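# Observations on chain architecture
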Amino acid sequence: MDDTTALKQQLVDCIRMLEAADIIDYNGHASLRLDDSHLLINAGNCQRSRLTVDDICTIDMNGQVIGAASGKPPLEFHLHAGIYRARPDAKACVHAHPKWSTYLTMTGHVYLPVYAQGSLLYPVPVLDSPNSINNRDMADRLAATLGDRPGALMKSHGAVTVGKTLVEAFVLANYMEENAHRQYMAMQIGKPYAFDEQELALCREKLWSEALFQRAWDHFHAKLPGRP
Ligand SMILES: [Zn+2]
C-alpha cells in the first residue's frame, strides 16, 4: 500500500467509525490535508457505512478533482478548504450533522463542560447561521468563528472538529457529541454541573494526549467489521 492509499484507508476507517457511532449519516465528511493546496475527502454521494478507498477523492482548494475521478466532492468541501486556508496547524477536519450537539444550538443552550473528555473542546464557538458551507464566504465565516479552537458548532446545522492528525479530529468529534449527549440528558432531570476553571485545566493537562486519543480511536476501530 503506497502512502496515499494508506492515508485514504485511514480516512475510510474514520468515516466508517463516525457512521457506526451515529455521528455521520448519509451526509457528513472528513478530510486529510495532503499539502498547502490539496486534500483527500470522501465523495459526496458515497455510502458511508460501506466506504472504500475508491470513494475518496483528491481535490484542490477549489474543489477540482485531481487524477482519476472517485466521484465528486461534497458541496460543503468549502468548509474544509476554508479551515485549511485559515489554520496551518490543521491537518484533518471532520464535519457532521450529529443530533445531540445540534439540539443545543437549535435551542440556544451553551455547550457546557459536563464530561471530562468533552471539556477539552470548551468553550465551543457557534456559527450563527444554519446555512450550508457551500461557498467561500460561508467557509471564511466558519473559519473566523472557529478561530484557533479545536471545534465549533453551527446553529441548527452541525459540528466541525479539526486536528493535527485525523485521529485527533475524529476523537474530538466523538468527545464533543458525547459531552452534548450527556449534557442534554442531564438537563432532563436537573441542572448539569459544569467543570470549574481548575477542573478544566486539570482535564487539559491529563487528557490532551496523543496516547489517549489513539486509545479512543483504537476502541472504535476494534469494532469495525473486516478491519484487523
Ligand atoms: Zn453540513
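Residues numbered from 1 in each chain as written. Predicted model: local features only at pLDDT ≥ 70, side-chain atom pairs only at ≥ 80, totals over all residues. Heavy atoms only, no water.

This brings us to the pattern of salt bridges. This structure, assessed with the given rule, holds eight salt bridges. Residues E168 and K164 are paired through a salt bridge, measuring 2.9 Å at the closest nitrogen-oxygen approach. Here E168 falls in the buried class, since its relative accessible area comes to 6%. Residue K164 is classed as partly exposed on the basis of its relative accessible area of 44%. A salt bridge links K206 to E205; the shortest N-O distance between them is 3.7 Å. Exposure remark for K206: the relative accessible area of 52% places this residue in the exposed category. What emerges from the salt-bridge pattern is a single network uniting R85, R136 and D140. (Salt bridge = Lys/Arg side-chain N within 4 Å of Asp/Glu carboxyl O. Buried < 20%, exposed > 50% of the residue type's maximum accessible area, 1.4 Å probe, protein only.)

Here Q183 lies in helix α5 (residues 166-189). A residue is classified by how much of its surface remains accessible, and Q183, at 1% relative accessible area, is buried. With residues up to four places along the chain from it excluded, the contact list for Q183 reads L104, V110, Y111, L112, V114 and P192. (Helix = DSSP H or I, 4+ residues; strand = E, 2+ residues; numbered from the N terminus. Contact = heavy atoms within 4.5 Å.)

So, on to helix α3 (residues 99-106). Considered for burial, the residues of α3 that qualify are S101, T102, L104 and T105. For α3, the angular spread of the buried residues around the axis is 150 degrees, confining them to a single face. Buried positions along α3 lie against β6 (126-127), β7 (151-154), β8 (158-163) and α5. G108 sits one or two positions beyond α3 and adopts a positive phi of about 75 degrees. (Arc of directions from axis to C-beta.)

Per the stated rule, a full pass over the model turns up eight aromatic pairs. A ring pair is formed by W100 and Y184, whose centres lie 5.1 Å apart and whose planes are at 65 degrees; its orientation type is edge-to-face. With W100 in helix α3 and Y184 in helix α5, the pair connects residues that are 84 residues apart, well separated along the chain. Centre to centre, the rings of F170 and W217 are 5.2 Å apart; their planes meet at 75 degrees, and the pair counts as edge-to-face. Taken as a pair, F170 in helix α5 and W217 in helix α7 (residues 210-221) lie far apart in primary sequence, 47 residues in all. Residue classification places W217 among the buried residues on the basis of a relative accessible area of 5%. (Phe/Tyr/Trp six-rings, centres within 6.5 Å; stacked < 30°, edge-to-face > 60°.)

Quick look at the sheet that holds strand β5 (residues 92-96) now. Across the sheet, which stays open at both edges, the eight strands sit in the order β4-β3-β2-β1-β5-β8-β7-β6 with mixed pairing between neighbours. Unpaired on one side and paired on the other, β4 (65-66) and β6 mark the two borders of the sheet. Here β7 runs beside β8; their pairing, made up of four bridges, is antiparallel. By the bridge assignment for β8, M154 is matched with G158. Set on the sheet, helix α1 (residues 3-20) makes contact with β1 (29-35), β2 (38-42), β3 (56-60) and β5; between it and β1 the angle comes to about 160 degrees. Against the sheet, α3 makes contact with β6, β7 and β8, and its axis sits at roughly 60 degrees relative to β7, the strand it touches most. (Pairing = 2+ DSSP bridges. Axes fitted to C-alpha atoms, helices over the stretch in contact; angles between N-to-C directions.)

Let us look at the coordination of the zinc ion. In the first shell of the zinc ion, the protein supplies E76 (OE), E76 (OE), H95 (NE2), H97 (NE2) and H157 (NE2), at 2.1 to 2.8 Å from the metal. Within one chain, the residues donating to the zinc ion are spaced in sequence as E-x18-H-x1-H-x59-H. Highlighted residues: H95 in strand β5 and H157 in the loop between β7 and β8, separated in sequence by 62 residues. Per residue, the accessibility class of H95 equals that of H157, and both read buried. (Donors = N, O, S within 2.8 Å, 3.2 Å for Na, K, Ca; no water.)

It is worth spelling out the environment of V110 at this point. Along the chain, V110 turns up in the loop between α3 and β6. For V110 and A180, which are 70 residues apart along the polypeptide, the C-alpha to C-alpha distance reads 9.8 Å.

Function-wise, these values are silent; they only describe arrangement.
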